[in-house]
Amino acid sequence: MVIKPKRALLSLSDKDGLIEFAEGLDRCGIEIVSTGGTAKLLKEKGFNIIEISDFTGFPEILDGRVKTLNPKVHAGILNIRENEEHRQTMEKHGFVDIDIVAVNLYPFEKTISSVSVTTNQAIENIDIGGPTMIRSAAKNFKYVTVVVDKQDYAVILDEINTDGGVKFETRMNLARKAFTHTVMYDSIISGYFNDLMGINFPEEIALPMRKKQDLRYGENPHQKASFYSSPAASEPGATNAHQLHGKELSFNNIIDTNAALELVQEFDTPACVIVKHTNPCGVALADDIVEAYKNALECDPLSAFGGIVGLNREVDKELAENLSEIFLEVIAAPSFSEDALDILTKKKNIRLLEIKGDFSVKNKELDIKKVVGGYLLQEKDLQTLPDDRDLKIVTEKKPTGDEYSDLIFAWTVAKHVKSNAIVYAKNNRTVGVGAGQMSRVDSSKIAAEKARNPLEGSVMASDAFFPFRDSIDEAAEKGIKAVIQPGGSIRDEEVIKAADEHGMAMVFTGMRHFKH
């Protein structure tokens, strides 16, 4: 059913496209009712519009807080056109139909993005009349066209010009978009108040997300997928990366890039992280970024093939030459020199991501995991060590200065390895990584098997306590000199005794880093 519109109500805080839309409506003989700044601009441009106070017969009051909250507005939108009782009521009160409602809302999201915003400023940018009109029009989409996206102006005008009115299917789709839009708006406001009051886990939660892009497929080709971003996303990451070159990012590329960046952002000194299937297969710190990459690659060059590289320094010509020697899916870095781009863009498919922003910024957003029928929400694991860094040496032998540095490095890497996680490291570089095994001793063995360099003199990190001494015995055989782990097992004494027997140093963190 095509509805020929006679009257449109325009109330737009974003004036982009307004004049062209109004011109199109005017050419079609559609009367325009407008509010506030929208009315002022249209009048300045010579449009013969009706201001909302003239339409309702009631002035805007309370500094504009009340202007469209009026029976004439909402009856005009909500009445069922072929309902005789509704028609009689409309005639009795002198009300007329409103057939198009074009509204975008006070810029609450933009307002709260300012670091200096006050609570009062935020509150005054909470739109009331706008969402109410949108919901009224969306509810009555059988008769009313609601538009909240300026990209739809042309669609509406085209259908009016071609078909004499807006099609039912179009009105329904616009109503769907409108309800989604108000949910998004309200969820941002809800999140603001939760943050203001320090409430991480409210009784009900709505998580605002905007589609960033459709993806070719999900984890596997038979799964459809899309990529959404949070309006509050400001931490450097895959979500706000600028792709300079290469094929479209895949579902798995995005997940792996996120894993690489979360780990590389742990370090201030030049660092390189190489990730495969969300686990680091090589991590290294060095005095310069080229050396960091070479050392990270040396840990497990076989797994690095087709991997994701995360860097916390610019990619220059020398680094680009090294990176170009193997097949990589993604390189993510703060910047790329022109010489580096000349080299790397010769590889047609490699994705180059420029990650802008302060790598030290870590938002206290919630970590979300999906289960059937629900979601698990938790605080993001932003801590690596206890606030006081009060690490407890539990063995007779104390770690040397170099060993202590390597222990902290290995522990940081282990935080980002899937449980059960074991990391062997030496000289601020990983030597072997064991990830995601059902038993900790198997992770210990796999980490040793994957090591290309001798393990002698390395340190060992475990993301959780050792339930038995077997992993310590396994490590001692490989020449491991020091161990860092949370502690807390009922067999801690047995594990400590094993370390003492082997002449190893052992440090307890008192903090676990499971990663499922």
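Parameters and conventions
- Residues numbered from 1 in each chain as written.
- Predicted model: local features only at pLDDT ≥ 70, side-chain atom pairs only at ≥ 80, totals over all residues.
- Heavy atoms only, no water.
- Helix = DSSP H or I, 4+ residues; strand = E, 2+ residues; numbered from the N terminus.
- Rg over C-alpha atoms; globule rule 2.2 N^0.38 Å.
- Buried < 20%, exposed > 50% of the residue type's maximum accessible area, 1.4 Å probe, protein only.
- Contact = heavy atoms within 4.5 Å.
- Lys, Arg positive; Asp, Glu negative; His and termini not counted.
- Charge placed at Lys NZ, Arg CZ, Asp CG, Glu CD.
- Patch = residues over 30% accessible without salt bridge, like charges linked within 9 Å, V, L, I, M, F, W, Y side chains within 5 Å.
- Areas by Shrake-Rupley, 256 points an atom, 1.4 Å probe, with all protein chains shown as cover.
- Salt bridge = Lys/Arg side-chain N within 4 Å of Asp/Glu carboxyl O.
- Domains from an automatic or database assignment.
- Polar contact = N/O pair within 3.5 Å; in protein donor to acceptor, adjacent residues only side chain to side chain.

1. A closer look at the overall build of the protein
Stage number 1. On a plain count of helices and strands, the protein comes out with 19 helices and 21 strands.
Stage number 2. Taking 2.2 N^0.38 as the reference for a compact globule, 516 residues should give roughly 24 Å; the C-alpha atoms of the protein span a radius of gyration of 30 Å, well beyond that estimate.
Stage number 3. Projected onto its principal axes, the C-alpha coordinates of the protein cover approximately 95 × 50 × 45 Å.
Stage number 4. Counting across all 516 residues of the protein, residues that qualify as buried make up 49%.
Stage number 5. In the protein, the proportion of contacts linking residues at least 24 apart, taken out of those at least 6 apart, comes to 56%.
Stage number 6. Between the centroid of the 62 positive side chains of the protein and the centroid of its 78 negative side chains there is a distance of 4 Å.

2. Some points on a nonpolar patch on the surface
Stage number 1. Taken together, the side chains of I205, L207, M209, Y228, I368 and Y375 define a hydrophobic patch exposed on the protein surface, amounting to about 580 Å² of accessible area.
Stage number 2. With respect to the helices and strands, the residue M209 is situated in the loop between helix 10 (168-196) and strand 6 (210-215).
Stage number 3. By relative accessible area, M209 is classed as partly exposed at 39%.

3. With respect to the domain arrangement of the protein
A common way to report how large an interface is uses the accessible area buried once the components associate.
Stage number 1. According to the domain assignment, the protein consists of domain 1 (7-197), domain 2 (238-354) and domain 3 (392-508).
Stage number 2. Computed over C-alpha atoms only, the centres of domain 1 and domain 3 are separated by 63 Å.

4. Some words on the pattern of salt bridges
Stage number 1. Summed over all chains, the structure comprises 29 salt bridges.
Stage number 2. In this structure, D99 engages R81 in a salt bridge whose closest nitrogen and oxygen atoms are separated by 3.3 Å. Linking D99 in the loop between helix 5 (84-93) and strand 4 (100-104) with R81 in the loop between helix 4 (71-78) and helix 5, this pair joins segments that are 18 residues apart in sequence. Across this residue pair, the class does not change: D99 and R81 are buried.
Stage number 3. When the shortest N-O distance is used, the salt bridge between K380 and E235 registers 3.2 Å. Of the two residues, K380 sits in the loop between strand 15 (374-379) and strand 16 (392-393) while E235 sits in the loop between strand 7 (225-229) and strand 8 (242-245), which places them 145 residues apart along the sequence. You'll find K380 and E235 in the same group, each marked buried.
Stage number 4. Each member of the salt-bridge network shares a partner with another, and the members are R81, R87, D97 and D99.

5. Side note on the side chain of N79
Stage number 1. Structurally, the position occupied by N79 is in the loop between helix 4 and helix 5.
Stage number 2. At 2.8 Å, the side chain of N79 forms a polar contact with the side chain of R87.
Stage number 3. Side chain to side chain, N79 and D97 meet in a polar contact 3.0 Å long.
Stage number 4. Once residues within four sequence positions are removed from consideration, N79 is found in contact with H86, R87, M90, D97, N140 and Y143.

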